[in-house]
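A structural walkthrough
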Amino acid sequence: LAKTTQPISMDSYEGQEVNITCSHNNIATNDYITWYQQFPSQGPRFIIQGYKTKVTNEVASLFIPADRKSSTLSLPRVSLSDTAVYYCLVGAALSGGYNKLIFGAGTRLAVHP
Amino acid sequence: SAVISQKPSRDICQRGTSLTIQCQVDSQVTMMFWYRQQPGQSLTLIATANQGSEATYESGFVIDKFPISRPNLTFSTLTVSNMSPEDSSIYLCSAVWDQGGGNTIYFGEGSWLTVV
């Protein structure tokens with residue numbers, strides 16, 4: 001199972017762009033990269049998922065280089081409500097097969113006024 | 001996105017008792033997972049629950065302590081047996097959805113158990 005490494009914590013200010021990078025050196029060919037957001041006392045919320053290059057949705061962008069050994073979650077113009085723990089995971093396989101997701105420690109993002 | 005409902009959302013339990021957590025999903029799914037999250041910690045996978053087969057437990061978790069049922073493709077239960085204060089955690093149910101181009105896991109809101 002691919003392990004992930006993320007910064008333990010990050011600080012930012014309202015209106016800034018935040019980039020959280022995750023390292024996953026032993027990612028498997030069939031693995032997708034998925035990011036979750038978790039607020040205290042709530043279940044993780046799916047943010048974005050990708051396999052390669054760039055994926056963008058209404059809340060974030062995910063950048064994945066060609067070697068797929070890392071990925072960067074980009075949050076544009078953060079607000080105080082983006083203060084949360086962000087988890088990077090690899091292991092969601094292509095249709096027809098699946099690898100269980102193992103959570104790392106995550107990145108605690110604190111957004112300041 | 002998928003809807004996953006857990007019951008109870010919160011409970012205070014007496015030491016030595018058992019509690020069953022229910023997880024209902026709004027569409028049929030093949031794979032479901034149960035996680036535990038102790039205060040201030042990340043999520044730890046307890047077991048994988050597939051319909052029609054015995055649950056597969058991770059190292060450190062056993063069926064006698066955490067029996068799991070998966071009677072159909074939309075429902076699962078996790079029982080925390082003979083509870084002690086160390087079992088005070090959030091227990092999270094999750095399920096895998098086939099998105100066509102890849103599988104995505106969604107989580108319930110969790111069941112927060114406090115053992116006294």
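The structure under discussion appears in the preceding block.
Now for a quick tour of the structure. (Residues numbered from 1 in each chain as written. Chains lettered and ligands numbered in written order. Predicted model: local features only at pLDDT ≥ 70, side-chain atom pairs only at ≥ 80, totals over all residues. Heavy atoms only, no water.)

Residues and elements named next belong to chain B. Here 4 strands make up an open sheet; going across it, the order is β1-β3-β8-β7 and the pairing antiparallel. Either end of the sheet is taken by a strand with one partner, and the two such strands are β1 (4-7) and β7 (68-72). Here the strands of the sheet are splayed against their neighbours by 15 degrees on average, with no regard to which way each runs. By the bridge criterion, 6 bridges tie strand β3 (residues 19-25) to strand β8 (residues 75-80) in an arrangement that is antiparallel. Across the sheet, the residue bridging to I21 is L78, located in β8. (Pairing = 2+ DSSP bridges. Helix = DSSP H or I, 4+ residues; strand = E, 2+ residues; numbered from the N terminus. Axes fitted to C-alpha atoms, helices over the stretch in contact; angles between N-to-C directions.)

Our next topic: the environment of B:S76. Residue and element names in this part refer to chain B. Residue placement: S76 occurs in strand β8. Distance in space between the C-alpha atoms of S76 and I12 is 21 Å, their sequence separation being 64 residues. There is a polar contact of 2.8 Å between the side chain of S76 and the backbone oxygen of S69. (Polar contact = N/O pair within 3.5 Å; in protein donor to acceptor, adjacent residues only side chain to side chain.)

Below, the discussion takes up the sheet that holds strand β6 (residues 61-64) of chain A. Paired through their backbone hydrogen bonds, the strands of a sheet run either parallel or antiparallel. All names here are of chain A. Judged by pairing direction, the sheet is antiparallel, and its 4 strands sit side by side in the order β2-β7-β6-β5 without closing on themselves. Two strands close off the open sheet at either side, each with one partner strand: β2 (18-23) and β5 (53-56). Pairs of neighbouring strands in the sheet enclose a mean axial angle of 15 degrees, with direction left out of account. Direction of pairing for β5 relative to β6: antiparallel, over a ladder of 4 bridges.

Turning next to the pattern of salt bridges. Residue and element names in this part refer to chain B. In the structure shown here, the tally under the stated rule is 1 salt bridge over all chains. A salt bridge links D87 to K65; the shortest N-O distance between them is 2.7 Å. Of the two residues, D87 is situated in the loop between β8 and β9 (89-98) and K65 in the loop between β6 (56-57) and β7; the sequence distance between them amounts to 22 residues. (Salt bridge = Lys/Arg side-chain N within 4 Å of Asp/Glu carboxyl O.)

Residue and element names in this part refer to chain B. Secondary-structure assignment places T114 in strand β11 (residues 111-115). Look at T114 and you get partly exposed, because its relative accessible area is 30%. Note: C-alpha distance between T114 and S18 (96 residues apart in sequence) is 12 Å. (Buried < 20%, exposed > 50% of the residue type's maximum accessible area, 1.4 Å probe, protein only.)

Moving on: the pairing of β11(B). Residues and elements named next belong to chain B. Burial of the side chains of β11 is restricted to one face: S111, L113 and V115 are buried, whereas none of W112 and T114 on the reverse face is. Bridging between strand β2 (residues 10-13) and β11 involves 4 bridges; their strand directions are parallel. Along β11, the bridge assignment pairs I12 with T114. Of the pairings in the sheet, the one linking β9 to β11 comprises 3 bridges and is antiparallel in character.

Looking now at the state of the cysteines. Counted according to the given criterion, the structure contains 2 disulfides over all chains. Residue A:C22 pairs covalently with A:C88 via a disulfide, S to S 2.2 Å. Disulfide A:C22-A:C88: the torsion about the S-S bond is -80 degrees, which places it as left-handed. You can see A:C22 sitting in strand β2 and its partner A:C88 sitting in strand β8 (residues 84-92), a full 66 residues away along the chain. The residue that forms a disulfide with B:C23 is B:C93, at a sulfur-sulfur distance of 1.9 Å. Between B:C23 and B:C93 the sulfur-sulfur dihedral comes to about -70 degrees; the bridge is accordingly left-handed. Taken as a pair, B:C23 in strand β3 and B:C93 in strand β9 lie far apart in primary sequence, 70 residues in all. Accessibility expressed as a relative area gives 0% for B:C23, which makes it buried. We classify B:C93 as buried; its relative accessible area is 0%. No disulfide involves B:C13; its sulfur sits 18 Å from that of B:C23, the nearest cysteine. (Disulfide = S-S within 2.5 Å.)

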